[in-house]
Amino acid sequence: MVKFSKELEAQLIPEWREAFVNYWQLKKQIKRIKLSRVPKQPHHASGDLIGRSIFDSLHYLVKNITRNLLGSEDDSLNIIQVRKKTIKDSGEEIYETELAQLFSEEDEVREFFGKLDEELNKVNQFFKTQESEFLERGETLNKQLQILLDLKRIISDRRRKNSPSKAYNTEIFPRSPARDSDYSENLGDSDETNSEISQSTESTEEIITTLEKNGISFVNSATRTKTKKGKPKMAMRIDVPATNPTRAIKAITSMLWEDLVNNPTGDFIPKRKIQCAEKMIRSAFVELYKGLDLLKTYSSLNMVAFSKILKKFDKVSCQKASANYLKEVKKSHFVSSDKVVRLMDEVESIFTKHFANNDRKKAMKFLRPKQHKDSHMVTFLAGLSTGCFVSLFCVYAILAHLCGIFSPSNEQAYMRTVYPVFSVFALLSLHLLMYGCNLFMWKNTRINYNFIFEFSPSTALKHRDAFLICTTLMTSVVGAMVVHLLLRAAGFSPGQIDAIPGLLLLFFIALLICPFDIFYRPTRYCFIRVLRNIVCSPFYKVLLVDFFMADQLTSQIPLLRHLETTGCHIFARVFKTHHPETCHSGRLYMEITYIISFLPYFWRALQCARRWFDDGDVNHLTNMGKYVSAMVAAGARVTYHRQSNHLWLAIVLITSVMATSYQLYWDFIKDWGFFNPNSRNPWLRDDLILRNKSIYYMSIALNTVLRVTWVQAVMHFKVGDAQSRLLEFFVAALEVIRRGHWNFYRLENEHLNNVGHYRAVKTVPLPFRETDSD
């Protein structure tokens, strides 16, 4: 049987941890009471024993008389009295417990019930606050949904007036998952008369008036082209946040579009905006339901915790004090209030009716998505892939030695054509391995990474999946390397077999964009979507997952440069203009090298600019300066690689030291939240997830050392071509390891910030705004 403390630890909401009853501290209080009840060994005096036995007999006699007079059932009522008081200033209700009878351990018991009252008041207050917020959010969503339904009704009425014979057979929103079932039944009746259509005009005008009060603009411009009946055309504007390039451009050009473009149907109907607004409202209902479900779980877990702790007290004190207190707990607001349950039922019915075509099963797939359990098959496949990888790598090492790949005659050609492709896969696999380790650590430390990254729990990648992808990728790559060596030993020309790495790269790119639901399609498409957001950084609203992935790219510049070399070789062979030296020292190659060295930092700087534009926080501009300094340092190092003189050496040292200092400051102060002078943990922060503080100090030292690996680029070691490239790969691998190490503490700090603000449910922007908000 699992102890309740472990069950509570496993089920509590991480972001609300501080708001839960402190079950563990209350258990310590009970332990103190238990220890104080242990009888002390007598030192002298048989007279003391006689006196103690007399008092004990009197105490036992009084206790029995009291029990006979009042009855055993009322025994608990005479031990403690729980009173509810209301604070005059705030109107807040609090509980206070008084001891009606004396305990032998009076101080410990009084301290225990004082702490119990604090916990009960804390739970009650938090529940009331969250409940009021969710109720307010539910009321706002109902208004938003009503506006959406009214807009649909207006559009349908206008279409019916313009084309009465076809209006009822035309689907207004073919791509939208939402339908108003009552209104759809009206649309299904194609025999309505023109008189009924004219009667709906008055209701339409009333709806328009109501919507205008809620911030929806209906523009009747006299300058616009009029309809055949001489009436001006009507345009509707919906306030949809500009979170992507399409919406940003629409926001800029909507006025010109509405004023200059003539619609041949006589009405400007923003179907795409309506669909977008509908999707936003649907997402908001899903998040509301999720929050209500969390609050319901919060209530039930705390109720069980109070019940368990009071039973433990009764067992230790040998009294029945819990019954009276438990009655008050059950009467308290967080247990007795049924507003959360009623709102959950209301959300279910609304979502089923308007967003699932009255299909409750379909609605619950959105509201309560099932989480896939960890499969032992995934673990087995990951282990099998690991074994295959090790075996193939040993085979490759033996074949490479027998074929003399690293001999002076073959070394240069092999390292130029084959090495870059395999380095790409090796660095990518290492990054996946580090990400799998991050997922494992985040899960064990209960860091809610799915909520922070806004991943769907049903499709989010788990650490076993990351390890499986990593080992499968490396097994395929090493297998291709073995095939490459076998064909080389069989006498095939290098021009034929050197295409194998390029074909392998194209295969994995095709797998990445494969539309079929195979090999983690949700994860692949999420990766592509995030990359799109990064490349188009100024136009998309920057989410945490976007700039988190962009930070990963800044650590994978060697991988991007290897992709450049590989692409050069592939395209040169395709167009039959292959000159190996142009893919390593040509002018165009060096220009592209500059661009690749800048791009990840440039994208990240654009993200900082967009976040400053959205939030107005100057810290984003300061963060942008960090990436600008990194761009300057990267450009200086690339130039020094071409022009090794004292001037460029001095420039590299100055720019790199400044950029590294900037990066270390941001790592420790901003990203990790360390070096707080007032922290109770010296040079760290107040809240730490890992219990061993020394790990944090070692991490600071490790991050500092790995940040200065650029020194290798300054010190030109006199080694061969193969050794030089292996050294570069080793340094690139260290940067990937540093980034994986950095990821854990970055997300730990983000998680603690969410905990500090009790953010357990994301806030979805709503399309329709109140007029007063302007």
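**Some remarks on the overall build of the protein**
Moving on, step 1. Secondary structure assignment for the protein yields 29 helices and 4 strands.
Moving on, step 2. Per-residue burial over the protein gives 44% buried out of 774 residues.
Moving on, step 3. Taking the intrachain contacts of the protein between residues at least 6 apart in sequence as the baseline, contacts between residues at least 24 apart amount to 73%.
Moving on, step 4. Surface exposure of the protein reaches about 42,100 Å², of which carbon and sulfur atoms provide 60%.

**Here we look at the packing of helix H8 (residues 271-317) against helix H12 (residues 360-367)**
Moving on, step 1. The interhelical angle for the contact between H8 and H12, taken along N-to-C directions, is 75°, at an axis separation of 9 Å. As the angle between them shows, H8 and H12 are arranged roughly perpendicular. In this structure, H8 uses Arg282, Phe285, Val286 and Tyr289 to contact H12, whose residues at the interface are Met364, Phe366 and Leu367.
Moving on, step 2. Grouping the constituent residues of the contact of H8 with H12 by class yields 6 nonpolar, no polar and 1 charged.

**Thoughts on a nonpolar patch on the surface**
Moving on, step 1. A cluster of nonpolar side chains, contributed by Val708, Val711, Met715, Phe717 and Val719, occupies part of the molecular surface with about 390 Å² of accessible area.
Moving on, step 2. Note that Val719 resides in the loop between helix H28 (711-714) and helix H29 (721-756).
Moving on, step 3. Note on Val719: relative accessible area 44%, which makes it partly exposed.

**Points about the pattern of salt bridges**
Moving on, step 1. Applying the stated criterion to the full structure yields 21 salt bridges.
Moving on, step 2. Between Glu454 and Lys762 there is a salt bridge; the shortest N-O distance is 3.7 Å. In this pair, Glu454 sits in the loop between helix H16 (449-453) and helix H17 (463-489) while Lys762 sits in the segment after H29, placing the two residues 308 residues apart along the sequence.
Moving on, step 3. On the basis of relative accessible area, Glu454 is assigned to the partly exposed category, the value being 41%.

**Looking at the side chain of Ser337**
Moving on, step 1. Position of Ser337 relative to the elements: it lies in the loop between helix H10 (333-336) and helix H11 (339-355).
Moving on, step 2. Judged by its relative accessible area of 15%, Ser337 is buried.
Moving on, step 3. Reaching out from Ser337, the side chain makes a polar contact with the backbone nitrogen of Lys339 at a distance of 3.5 Å.
Moving on, step 4. Beyond its immediate chain neighbours, meaning those up to four positions away, Ser337 contacts Phe127 and Glu131.

**Regarding helix H13 (residues 376-403)**
Moving on, step 1. The end-to-end C-alpha distance of H13 is 40 Å, a good match for the 40 Å that 28 residues give at a rise of 1.5 Å each.
Moving on, step 2. Taken together, the buried positions of H13 are occupied by Val378, Ala382, Ser385, Tyr396, Leu399 and Ala400.
Moving on, step 3. Directly beyond the C-terminal end of H13, a positive phi value near 65° is found at Gly404.

**Things to note about the packing of H11 against H12**
Moving on, step 1. Between H11 and H12, the least distance of the axes is 9 Å, while the angle of their chain directions is 115°. Relative to H12, H11 is oriented so that their crossing is right-handed. Here Glu348, Phe351 and Thr352 of H11 lie close against H12, whose contacting residues are Arg360, Ala363, Met364, Phe366 and Leu367.
Moving on, step 2. Residues belonging to the contact of H11 with H12 are distributed by class as follows: 5 nonpolar, 1 polar and 2 charged.

**Notes on the packing of aromatic side chains**
Moving on, step 1. Tallying each qualifying case throughout the model produces 36 aromatic pairs.
Moving on, step 2. Put simply, the rings of Phe668, Trp672, Phe674, Phe675, Trp683, Tyr696, Phe744 and Tyr745 touch in pairs and so form one group of aromatic residues.
Moving on, step 3. The ring of Trp666 has Lys670 sitting right over it, with the charged end atom 5.7 Å from the ring centre.

**Describing the nonpolar core**
Moving on, step 1. Ranked by size, the top nonpolar core spans 70 residues in total, and within it Trp16, Phe112, Phe113, Leu116, Phe285, Tyr298 and Tyr325 carry the most contacts.
Moving on, step 2. When residues in this core are grouped by element, the largest group, 19 residues, is from H8.
Moving on, step 3. Setting aside its immediate chain neighbours within four residues, Leu116 contacts Leu26, Phe306, Ile309, Leu310 and Tyr325.
Moving on, step 4. Ranked by size, the runner-up nonpolar core spans 61 residues in total, among them Leu399, Ile497, Cys526 and Ala722.

**Quick word on a positive patch on the surface**
Moving on, step 1. Judged by side-chain charge, Lys3, Lys6, Lys27, Lys31, Lys34, Lys308, Lys311, Lys312, Lys315 and Lys330 come together as a positively charged surface patch.
Moving on, step 2. Breaking the positive patch down by element, the ones donating at least two residues are helix H2 (23-36) and H8.
Moving on, step 3. Looking at the positive patch, the element that brings in the most residues is H8, giving 4 residues.
Moving on, step 4. For Lys34, the location among the structural elements is in helix H2.
Moving on, step 5. Classification of Lys34 as exposed rests on a relative accessible area of 54%.

**A look at unusual backbone geometry**
Moving on, step 1. Backbone geometry at Glu454 places phi at a positive 60°, although glycine is not the residue there.
Moving on, step 2. With a phi close to 60°, Phe675 is a non-glycine residue in the positive phi region.

**Structural notes on the environment of Trp612**
Moving on, step 1. Tracing the backbone shows Trp612 in helix H24 (residues 587-615).
Moving on, step 2. Judged by relative accessible area, Trp612 falls into the partly exposed class, the value being 37%.
Moving on, step 3. Placed 12 residues apart in sequence, Trp612 and Met624 show a C-alpha to C-alpha distance of 9.6 Å.
Moving on, step 4. Setting aside chain neighbours within four positions, we find Trp612 in contact with Asp617, Val618, His620 and Leu621.

**Describing the confidence of the model for the protein**
Moving on, step 1. Mean pLDDT over the protein stands at 79; residues scoring 70 or higher make up 76%.
Moving on, step 2. Considering only residues more than four positions removed or in separate chains, one finds that residues 66-77, a stretch of pLDDT under 50, has 10 contacts.
Moving on, step 3. Contacts of residues 219-229 to residues separated by more than four positions or lying in other chains number 21 contacts, the stretch itself having pLDDT below 50.

What counts, and where the lines are drawn
Residues numbered from 1 in each chain as written. Predicted model: local features only at pLDDT ≥ 70, side-chain atom pairs only at ≥ 80, totals over all residues. Heavy atoms only, no water. Helix = DSSP H or I, 4+ residues; strand = E, 2+ residues; numbered from the N terminus. Buried < 20%, exposed > 50% of the residue type's maximum accessible area, 1.4 Å probe, protein only. Contact = heavy atoms within 4.5 Å. Areas by Shrake-Rupley, 256 points an atom, 1.4 Å probe, with all protein chains shown as cover. Axes fitted to C-alpha atoms, helices over the stretch in contact; angles between N-to-C directions. Parallel < 35°, antiparallel > 145°, perpendicular 65-115°, else oblique. Nonpolar A, V, L, I, M, F, W, Y, C, P; charged D, E, K, R; others polar. Patch = residues over 30% accessible without salt bridge, like charges linked within 9 Å, V, L, I, M, F, W, Y side chains within 5 Å. Salt bridge = Lys/Arg side-chain N within 4 Å of Asp/Glu carboxyl O. Polar contact = N/O pair within 3.5 Å; in protein donor to acceptor, adjacent residues only side chain to side chain. Expected span 1.5 Å × (residues − 1). Left-handed = near helix turned anticlockwise from the far one by under 90°. Phe/Tyr/Trp six-rings, centres within 6.5 Å; stacked < 30°, edge-to-face > 60°. Lys NZ or Arg CZ within 6 Å of the ring centre and 35° of its normal. Core = buried A, V, L, I, M, F, W, Y, C linked by side-chain atoms within 4.5 Å. Lys, Arg positive; Asp, Glu negative; His and termini not counted. Charge placed at Lys NZ, Arg CZ, Asp CG, Glu CD. pLDDT = per-residue confidence, 0-100.

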